Amino acid sequence: MRPADLGGDTALLIIDVQNDFCPGGALAVAEGDAVVPVINRLQGQVATRILTQDWHPADHSSFAANHKGVQPFTMIGMPYGAQVLWPTHCVQGSSGAAFHRDLRTDGAELIIRKGFRPQIDSYSAFFENDRKTPTGLAGYLRERGLSKLLLTGLATDYCVAYSALDARALGFEVTLVEDACRAIDMNGSLASAMDEMRQSGVSLCASDSLFS
Ligand code: VGL
Ligand code: ZN
């Protein structure tokens with residue numbers, strides 16, 4: 001995608017650039033904060049910016065602390081499928097759930113909060129982890145005529161990848177801006193997420209290629 005293609009039908013999707021995913025946070029992604037200047041610069045290139053915010057109640061079922069005798073980063077079976085148990089993170093209203101202080105947010109037209117139901121996690125900006133419960137984002141984008149998405153944020157192999165794959169399945173044109181993302185990379189999760197995204201028709205680019 002070249003700058004000429006960044007027209008009125010493109011939205012910049014900024015996934016979960018929150019303190020808990022940045023160094024020092026509860027579920028820190030290595031160099032998570034490095035995406036902030038890249039994303040801020042990109043915001044000038046795209047008229048429509050949309051943020052997502054991981055937004056869990058304290059009793060959320062994805063937190064290892066809410067299960068007896070289970071360590072973070074282990075898997076359990078949930079009614080909707082396998083689920084990683086995470087350290088407690090992005091609790092509603094906490095400083096960890098706030099956007100990184102340097103992330104420009106004033107220009108965002110929409111903030112989608114996700115993961116707010118105690119019994120179900122939500123990685124994707126489009127569907128919760130049962131892959132059926134919609135967040136409403138697809139309807140918003142369609143009604144606004146936004147058919148092309150630039151994907152950025154944290155973490156590449158979880159919330160960004162799930163969002164990109166759902167967006168492709170819903171028929172959106174999707175480009176992942178590689179240097180505007182960082183990964184958790186647990187047990188090969190980054191490589192498999194990149195494979196799945198490529199196979200589903202997600203394009204990859206460097207942010208520099210979006211400037212003339
Ligand atoms: C995320 C794990 C748990 C993410 C959110 O934003 O990638 N990962 N909650
Ligand atoms: Zn979460």
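Here, residues in each chain are numbered from 1, in the same order as that chain's written sequence. Here the convention is simple: chains get letters from A, ligands get numbers from 1, in the order in which they are written. For a predicted model such as this one, the threshold for reporting local features is a pLDDT of at least 70, and the threshold for listing and counting side-chain atom pairs is 80 or more; totals across whole chains, interfaces and linings nevertheless cover every residue. Hydrogens and water are ignored here; the side-chain numbers use all heavy atoms of the structure.

A.B. asks: Could you give an account of the packing of aromatic side chains, naming the residues involved and the relevant values?
C.D. replies: Any pair of Phe, Tyr and Trp rings, taking the six-membered ring for Trp, is counted once the centres come within 6.5 Å. Such a pair is stacked with planes under 30 degrees apart, edge-to-face with planes over 60 apart, and tilted for the rest. Following the criterion strictly, the structure yields six aromatic pairs and no others. Plain terms: the ring middles of Trp 86 and Tyr 158 are 5.1 Å apart, the flat faces sit at 85° to each other, and that makes the pair edge-to-face. Here Trp 86, found in the loop between strand E4 (81-84) and strand E5 (108-114), pairs with Tyr 158, found in helix H3 (residues 156-169); they are 72 residues apart in sequence, far enough to count as distant. Residues Trp 86 and Tyr 158 agree in their burial class; the two are buried. Judged by centre distance (4.8 Å) and plane angle (80°), the ring pair of Tyr 123 and Tyr 162 falls under edge-to-face. You can see Tyr 123 sitting in the loop between E5 and helix H2 (137-143) and its partner Tyr 162 sitting in helix H3, a full 39 residues away along the chain. Overall, Tyr 123 belongs to the buried group, its relative accessible area being 6%. Strands are runs of DSSP state E lasting at least two residues, helices are runs of H or I lasting at least four, and both sets are numbered from the N terminus onward. Three exposure classes are used, based on accessible area relative to the maximum for each residue type with a 1.4 Å probe and protein chains only: buried under 20%, partly exposed in between, and exposed over 50%.

A.B. asks: With reference to specific residues and values, describe unusual backbone geometry.
C.D. replies: The omega angle of the peptide bond from Leu 154 to Ala 155 is -10°, so this bond is cis rather than trans. Mapping Ala 155 onto the fold places it in the loop between strand E6 (148-154) and H3. Of note, Asp 16 is a non-glycine position whose phi angle comes to about 50°, a positive value. Within the secondary structure, Asp 16 is located in the loop between strand E1 (10-15) and helix H1 (35-43).

A.B. asks: Go over the coordination of the zinc ion (ligand 2), please, and point to the residues and values.
C.D. replies: Protein-derived ligands of the zinc ion (ligand 2) are Asp 54 (OD), His 56 (NE2) and His 89 (NE2), with the metal-ligand distances lying across 2.0 to 2.2 Å. Listed donor atoms are N, O and S within 2.8 Å of the metal (Na, K and Ca: 3.2 Å). As water is not included, a site may look incomplete. In short, tetrahedral needs four donors with all angles between 85 and 135 degrees, square planar needs four and octahedral six donors with opposite donors over 155 degrees apart and all other angles between 65 and 115, and whatever is left is irregular. Taken together, the four donor atoms surrounding the zinc ion (ligand 2) define angles of 88 to 168° at the centre, an arrangement classified as irregular. Along the chain, the residues donating to the zinc ion (ligand 2) are arranged with the sequence spacing D-x1-H-x32-H. Take Asp 54: its relative accessible area is 3%, and that puts it in the buried class. Relative accessible area serves as the criterion here: at 0%, His 56 is assigned to the buried category.

A.B. asks: So, the pattern of salt bridges: which residues are in play, and what are the values?
C.D. replies: A side-chain nitrogen of Lys or Arg and a carboxyl oxygen of Asp or Glu constitute a salt bridge if their distance falls within 4 Å. Enumeration according to the criterion identifies nine salt bridges in this entry. The salt bridge involving Asp 16 is made with Lys 114; its shortest N-O contact spans 2.8 Å. Of this pair, Asp 16 sits in the loop between E1 and H1 while Lys 114 sits in strand E5, and the two are 98 residues apart along the sequence. Both residues of the pair, Asp 16 and Lys 114, belong to the buried class. Across the pair Arg 131 and Asp 166 runs a salt bridge whose closest N-O atoms are separated by 3.1 Å. Placement of Arg 131 in the loop between E5 and H2 and of Asp 166 in helix H3 is noted, with a sequence separation of 35 residues between them. When its relative accessible area of 40% is taken as the criterion, Arg 131 is described as partly exposed.

A.B. asks: Summarise the pairing of E6; cite the residues concerned and give the values.
C.D. replies: Of all seven residues that make up E6, seven are buried, and the element is covered over most of its length. Whether two strands pair comes down to DSSP finding at least two bridges between them. Relative to E6, E1 runs parallel, the two sharing six bridges. Across the sheet, the residue bridging to Ala 11 is Leu 149, located in E6. Direction of pairing for E6 relative to strand E7 (residues 173-182): parallel, over a ladder of six bridges. Each bridged residue has a counterpart across the sheet, and for Leu 149 the counterpart in E7 is Val 174. Looking down the strands as they point away from the viewer, one classifies a crossover as right-handed if the path from the first strand across the helix to the second runs clockwise. Assessed by its sense of winding, the connection that carries the chain from E6 through H3 to E7 is right-handed.

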